[in-house]
Every structure is written in structure tokens, then in C-alpha cells.
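# Observations on chain architecture
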Amino acid sequence: EKPKDGWTRAGNISFLFNQSAFNAEWLGGGTSNLAGNLSISYDFNYRKGDLTWDNKILADYGLTKVKDQEFTRKTNDRFEFNSLLGKQINESNWYYSFFINLRTQFAPGYEFFEDVNGNEARTEITRFFSPAYLQLGPGMLWKKSDNLKVNIAPATARFIFVSKDFTDVGNAQADIDAFNAAGGYFGVEANETMRFEFGAALNAYAKFELMKNVSMENILSLYSNYLEDPQNVDIDYTTNVVMTINKYLST
């Protein structure tokens, strides 16, 4: 049956909250803590004739606070937007395609350590849009359905954006050379705010039912940079399992 034209929308929003409290007499031990996580996965897809436009937003943010720890810790932090445009070839499962992928985070990330006085301290190492990854390029899409598709893009541009706060090492050549020799900051060189790469990307999506009322969603992204070490492949893989209990409850 040929899919209908127009928009289709679907998604999951979940908020998980957990609290554990222990008194001093509890023999099993443990540390009191609070934790929360908000997760959003939302699809909005469009079809008209031989044109398809698939869009997906993934957002996760989680925090935990453990008693006697100075700082609240992140347990999860991710924002991702995917957009894939396709034009069908002769009513087959193949399409000419163009894709855009953006990945970053919402809040600062920290490295935690003890200072000279033994107190907990932290250093900011990431923040919103630092880093941010933007990929785009033309390719070929094999699409069986909205739940099973693979996009191959052999001419993909990738931009890595960072804040100069993390790459500013001054003008001393020795400091610049040392920073770059260590790999820079997410690949971005000293005193720069962007890195450009050109390579091949493969994006695959598969969603299927494991058993009644239990679905599994798999999202795979691969990238190889032609310009430097093409044998090193960046891998990003996400699995979401959704279990429907009834009309009002799911996990």
C-alpha cells in the first residue's frame, strides 16, 4: 500500500525521577541521592508524491545530586536534529537524498577533582555549542519505510564548532604546537573556533517490534574524514526501547 501524502508525527516524552534516602542505622549502607532525567524523541515526516522529508529531534538531559558531594552532576546531556530529504527513483526503494545532522549539548560539562585542601573542585570542559557537530551532504537513500532506511552520503561536509575559551593558548609557538600535537580541542586547533572536514557518512535507522507492545529503535551514524586518517571511523549509536503498558503508562 502506497503511503499517504502529508505530515505524519509521532514521539515519546519521558521524565524519570528517583530519590533514595538512607538513615545512619541502615546496615546495607548507601548514600542518599536525588536524580532526574528528561528525554524527548520526536519525528515529523512529510511526503508528497515522489518526495519525502524526514525530521527527527532527540533531546536528553539528566542530573543527579548525591549527599555530601559539593556539586550536582550531569548523567545525560544531548541535543540532536536530523533532516533527510529524498526524491524517489522510478517508484523503487531508492531515492536521491540530501541530509543535515546537528549534534550538541545543553549545559556545561565539568571535570571534577580535589583541590590542594582536599575539597571538591571542578573545571568547565564543554558547554552549549562547544563542541557542536554539523554534517550535511548529498547521497543515496534506501528507504523501505519510515521505520527502515539507510542513507549513504560519500561527499559529506562536517563542521566542528567550539568556543575560543577552550582553544586560546596565546601566541607562543611552543604552546600552540603542544596543544595541536595533543589533538587540539575535539580536533580544533589552537586559537581556532572551527574545524572543517570532508568525508563519507552513513546513517541508518531501524525500528521494529520485539514482542507485543515492545518496540526497539536503532539509530546508527558513521563518519570517515577523507582529509585526515580516513581509516578512523566516528561511531554514534543510540538504542531506544519503548514498552507500552496501557493507554496511559509506558516505559
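Computed from a prediction, not measured in an experiment: that's the story for all the values here.

By the element assignment, Val66 lies in strand S3 (residues 51–66). Residues Val66 and Tyr133, spaced 67 residues apart in sequence, show a C-alpha to C-alpha distance of 32 Å. Apart from the residues lying within four places of it in its own chain, the contact partners of Val66 are Thr31, Ser32 and Asn33.

With the rule as written, the count across this model stands at one cavity of 30 Å³ or more. If you add up the space inside the largest cavity, you get close to 280 Å³. Taken together, 19 residues make up the lining of the largest cavity; nearest its centre are Asn82, Leu84, Lys149, Asn203 and Tyr205. Elements that contribute at least two residues to the lining of the largest cavity include exactly strand S2 (33–48), S3, strand S4 (73–88), strand S5 (94–104), strand S9 (148–161), strand S10 (194–211) and strand S11 (214–225). Sorting elements by how many residues they give to the lining of the largest cavity places S4 first, with four residues. Its residues placed into classes, the lining of the largest cavity shows seven nonpolar, seven polar and five charged.

Moving on to the layout of surface pockets. There is about 830 Å³ of room inside the largest pocket. Lining the largest pocket are 35 residues, and of these Asn12, Ile13, Ser41, Asn240 and Val242 sit closest to its centre. For the lining of the largest pocket, the secondary-structure elements that each account for two or more residues are strand S1 (6–20), S2, S3, S10, S11 and strand S12 (233–243). If you tally residues by element for the lining of the largest pocket, the top one is S1, at nine residues.

Reading the values: rules and limits
- Along every chain, residues carry numbers that run from 1 in the direction the sequence is written.
- Only residues with pLDDT of at least 70 are given local features in this predicted model, and only at 80 or more are side-chain atom pairs given and counted; all residues enter the totals for whole chains, interfaces and linings.
- The basis for the side-chain values is all heavy atoms of the structure; hydrogens and waters are excluded.
- Helix and strand labels come from DSSP, where a helix needs a run of H or I of at least four residues and a strand needs a run of E of at least two; each type is numbered from the N terminus.
- Contact criterion: two residues are considered in contact whenever any of their non-hydrogen atoms come within 4.5 Å of each other.
- Cavity: a set of points on a 1 Å grid over the protein atoms alone where a 1.4 Å probe fits but cannot get out. Pocket: an open set with protein on both sides within 12 Å along at least five of seven lines, its lining residues, like those of a cavity, having an atom within 4 Å of a point.
- Grid points are joined across faces, edges and corners, and a volume is the space filled by probe spheres set on the points.
- Three classes are used, and their members are as follows: Ala, Val, Leu, Ile, Met, Phe, Trp, Tyr, Cys and Pro are nonpolar, Asp, Glu, Lys and Arg are charged, and the others, Gly among them, are polar.

Interpretation in functional terms is not warranted from these geometric data alone.
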